Amino acid sequence: MILKYTKLIVVVTIFWCPFCVKSQELFVFTEPASNMAKGNLGIRLMNSFMKQTVGNGYNAHFMPEIMYGISNKLMAHTSVFLSNRNNTLATEGFSLYAKYKFLNIDDVKSHFRMATFARYSFNNSDIHQEEINLIGQNSGYEFGVIATQLLHKVAINGGLSFVEAMNNGSKYQFPTSQSANALNYTLSFGKLMLPKKYTSYNQTNVNLMCEFLGQSLLPNGKIYVDVAPSLQFIFLSKMRLDLAYRQQLYANMQRTAPSGLLLRLEYNFFNVH
Amino acid sequence: MFLLLVITITTNAQITQLSLQASGLTCSMCNLSIKKSLDKLPFIESVNPDIETATYELKFKENAVVNFRDIKNAVTNAGFSVAKLVFTINPKNVISNSNNQFKYKEITYNMIEGKLDAAGFNQEFQVVDDGFISDKNFKKYKNKVKGGENVYNLIHTK
């Protein structure tokens, strides 16, 4: 089964790449190694609607997020998690994220960059799955590295991180029967579809992306692999709309709602400081 | 005595145009970040971008002291690099000019290739210091550039 899906990923990747002749790196489910400009502020409003594996219900999450460029090498994010899992929209936690760009090789219309990042998340909801997810499900921390290659309008992004889950507040202990740590790995491709030629900041940009997201629980070795295609619009060179669908390709760990839609709006403010 | 007087007359040379190309970007959002970062510099009158080539034509306020390193830092603070910085100078009345260097507003311009023709009209130079051209191209000039906060190393382009 694993082999079958691994082959599928390789085939999709190989066939996707020749079409990724030109693209961008503003990925939906992963962060690139690049940072925001120093002094710029970004606000994101993210909605996800994930179909529950048991029953016909959907988990709706709402996650407002603020991002800030501290320097050209360091940026920080903070986000709040709200969910309807208990039938009303309730605040379940927050996340703090910092990213440091340590390698920057720029050339005209291309770059190779590497960054390291760390995340801390707090969540007070019940722990109901084996998957460790610091974006709205688990308390814990994560640290890792990201590498991004931009070639004209094509971007390829890879990430590897270690994640450790903790108790969700004082009420929900992390189950001793489950693996509390895992490796996360991601591979993302993006392509700038429109405009073909830039003439103005007011042109709407259209990006097409495909991301592969995986996790291996340590030490029991259970894994999941998801694919997440997305369509992205950038308006006036400062506002971004992401429409994405995340689909589980393979999993041998228990997950409550792995597949579903994501909608995100982002607005960037320049030179706030 | 006459020679000494001539040498110490302050230059009236003016930077009439400056064009820079940024590297490391393709998208218009990144391009706008650089423009907004350049807009903040106090000596800049206007920034005219060509998004497709990531090139910016800068105009300066009258009598303002133009600082190339502030321009470079504005680009790097936006998260990108300078691939090329070219400026045009009017050499009228430039006096402190030798074969290898000229001075303008306390700044020494060290010529790596070519020289300023003090009797000529507007002339174009490219800054070849570290951070003002790609790392690959800087290797060509690495052993020739002279350091210092008020020193720039140039090649004559037009």
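**Brief notes about the overall build of chain B**
Inference 1: Looking only at helices and strands, chain B has 4 helices and 8 strands in total.
Inference 2: Within chain B, buried positions represent 36% of all 158 residues.
Inference 3: The long-range share in chain B, meaning contacts at least 24 apart out of those at least 6 apart in sequence, stands at 71%.

**A closer look at the overall build of chain A**
Inference 1: Regarding its fold elements, chain A presents 1 helix and 12 strands.
Inference 2: The order of α-helices and β-strands along chain A, N terminus first, is α-β-β-β-β-β-β-β-β-β-β-β-β.
Inference 3: Taken along its principal axes, the extent of the C-alpha atoms in chain A is 55 × 45 × 35 Å.
Inference 4: When contacts within chain A are restricted to residue pairs at least 6 apart in sequence, those whose partners lie at least 24 apart make up 59%.

**So, the confidence of the model for chain A**
Inference 1: Looking at chain A as a whole, its pLDDT mean stands at 89, while 91% of the residues score no less than 70.
Inference 2: pLDDT under 50 marks residues 6–23 of chain A. Its contacts with residues more than four places away, or in other chains, come to 23 contacts.

**Notes on the interface of chain B and chain A**
Inference 1: Facing the 22 residues of chain B at the interface are 26 residues of chain A.
Inference 2: Those elements that provide at least two residues to the side of chain B that touches chain A are β1 (14–23), α2 (28–39), α3 (68–77) and β4 (81–90) of chain B.
Inference 3: Here the side of chain B that touches chain A gets 6 residues from one element, more than from any other, and that element is α2(B).
Inference 4: For the side of chain B that touches chain A, the residue count by class is 7 nonpolar, 12 polar and 3 charged.

**Looking at the sheet that holds strand β7 (residues 123–127) of chain B**
Residue and element names in this part refer to chain B.
Inference 1: Spatial ordering of the open sheet is given by β2-β3-β1-β4-β7-β8-β6-β5, a layout of 8 strands whose pairing is mixed. The open sheet has two free edges, formed respectively by β2 (44–50) and β5 (101–104), since each of these has just one partner strand. Each neighbouring strand pair of the sheet contributes to a mean axis angle of 30 degrees, computed without reference to strand direction.
Inference 2: In terms of strand pairing, strand β6 (residues 107–113) meets strand β8 (residues 151–156) through 5 bridges, oriented parallel. Looking at the pairing, T108 lines up with V151 of β8.
Inference 3: Along the sheet, α3 makes contact with β1, β4, β7 and β8, crossing β4 at roughly 150 degrees.

**Looking at the sheet that holds strand β7 (residues 154–166) of chain A**
Residue and element names in this part refer to chain A.
Inference 1: Strand order in this closed barrel of 12 strands is β1-β2-β3-β4-β5-β6-β7-β8-β9-β10-β11-β12, and the pairing throughout is antiparallel. Each strand of the sheet is rotated relative to its neighbour by a mean of 20 degrees, with strand direction disregarded.
Inference 2: Alignment of strand β9 (residues 205–218) against strand β10 (residues 223–235), held across 12 bridges, turns out to be antiparallel. Bridge pairing in β10 links S216 to I223.

**Regarding α3(B)**
Residues and elements named next belong to chain B.
Inference 1: Within α3 the residues assigned to the buried category are I71, A74, V75, T76 and N77.
Inference 2: Of the surrounding secondary structure, the elements contacted by the buried residues of α3 are β1, α2 and β4.
Inference 3: One or two steps after α3, the chain reaches G79, where phi turns positive at roughly 100 degrees.

**Regarding unusual backbone geometry**
All names here are of chain A.
Inference 1: In this model, L194 is joined to P195 through a cis peptide bond whose omega is 0 degrees.
Inference 2: Its place among the elements puts P195 in the loop between β8 (181–194) and β9.
Inference 3: For the bond running from L218 to P219, omega is 0 degrees, close enough to zero to count as cis.
Inference 4: You can see P219 is positioned in the loop between β9 and β10.

**Notes on the nonpolar core**
Inference 1: The biggest cluster of nonpolar side chains holds 41 residues, and the ones touching the most others in it are B:L20, B:A22, B:I34, B:L38, B:V75, B:F80 and B:V82.
Inference 2: Of all the secondary structure elements, the ones that give two or more residues to this core are β1, α2, β3 (55–60), α3, β4, β5, β7 and β8 of chain B.
Inference 3: Setting aside its immediate chain neighbours within four residues, B:L20 contacts B:Y56, B:I71, B:V82, B:K84 and B:L85.
Inference 4: If you look at the next biggest cluster of nonpolar residues, it comprises 18 residues, including A:F27, A:M46, A:M209 and A:A244.

**Description of the pairing of strand β1 (residues 41–51) of chain A**
All names here are of chain A.
Inference 1: Relative to strand β2 (residues 58–69), β1 is paired through 11 bridges, and the arrangement is antiparallel. Its bridge partner being in β2, R44 is matched across the sheet by E65.
Inference 2: Taken together, β1 and the strand that follows it, β2, pair antiparallel across an intervening segment of 6 residues, in which G55 is found at a positive phi of about 85 degrees.
Inference 3: Of the strand pairs in this sheet, β1 and strand β12 (residues 259–269) are connected by 11 bridges, and their pairing is antiparallel. From the neighbouring strand, F49 faces β12, where its bridge partner is L261.

**Describing the environment of A:G57**
Residues and elements named next belong to chain A.
Inference 1: Its location among the elements puts G57 in the loop between β1 and β2.
Inference 2: Under the C-beta neighbour-count criterion, G57 is labelled exposed, with 12 such atoms within 10 Å.
Inference 3: Separated by 200 residues in sequence, G57 and A257 place their C-alpha atoms 9.3 Å apart.

**So, the pairing of strand β4 (residues 90–107) of chain A**
Residues and elements named next belong to chain A.
Inference 1: Here strand β3 (residues 74–83) runs beside β4; their pairing, made up of 10 bridges, is antiparallel. Looking at β4, one finds that S79 is bridged to S95.
Inference 2: Two successive antiparallel strands, β3 and β4, enclose a turn made up of 6 residues, where N87 displays a positive phi of approximately 75 degrees.
Inference 3: One ladder, built from 14 bridges, connects β4 with strand β5 (residues 110–123); its direction is antiparallel. What sits directly across from D106, in β5, is H111.
Inference 4: Hairpin connection, β4 to β5: the antiparallel pair is bridged by 2 residues, and K109 has positive phi, about 60 degrees.

The rules we used
Within every chain, residues take consecutive numbers counted from 1 along the sequence as written. As they are written, the chains are lettered A onward and the ligands numbered 1 onward, keeping that order. Only residues with pLDDT of at least 70 are given local features in this predicted model, and only at 80 or more are side-chain atom pairs given and counted; all residues enter the totals for whole chains, interfaces and linings. Every helix listed is a DSSP run of H or I at least four residues long, and every strand listed is a run of E at least two residues long, numbered separately from the N terminus. Each residue is classed by its C-beta neighbour count within 10 Å, where at least 20 other C-beta atoms makes it buried, 12 or fewer makes it exposed, and intermediate counts make it partly exposed; the C-beta atoms are placed from backbone geometry. Each residue is represented by a C-beta atom placed from its backbone, and any two residues with such atoms within 7 Å are regarded as in contact. As a per-residue measure, pLDDT reflects the predictor's confidence and takes values from 0 up to 100. The residue classification treats Ala, Val, Leu, Ile, Met, Phe, Trp, Tyr, Cys and Pro as nonpolar and Asp, Glu, Lys and Arg as charged. All others, Gly included, are polar. Following DSSP output, two strands are said to pair if at least two bridges run between them. Angles run from 0 to 180 degrees between N-to-C directions of axes, and those axes are lines fitted to C-alpha atoms, restricted for helices to the stretch in contact. Residues enter a nonpolar core if they are buried, belong to Ala, Val, Leu, Ile, Met, Phe, Trp, Tyr or Cys, and are joined to the set through C-beta atoms within 7 Å.

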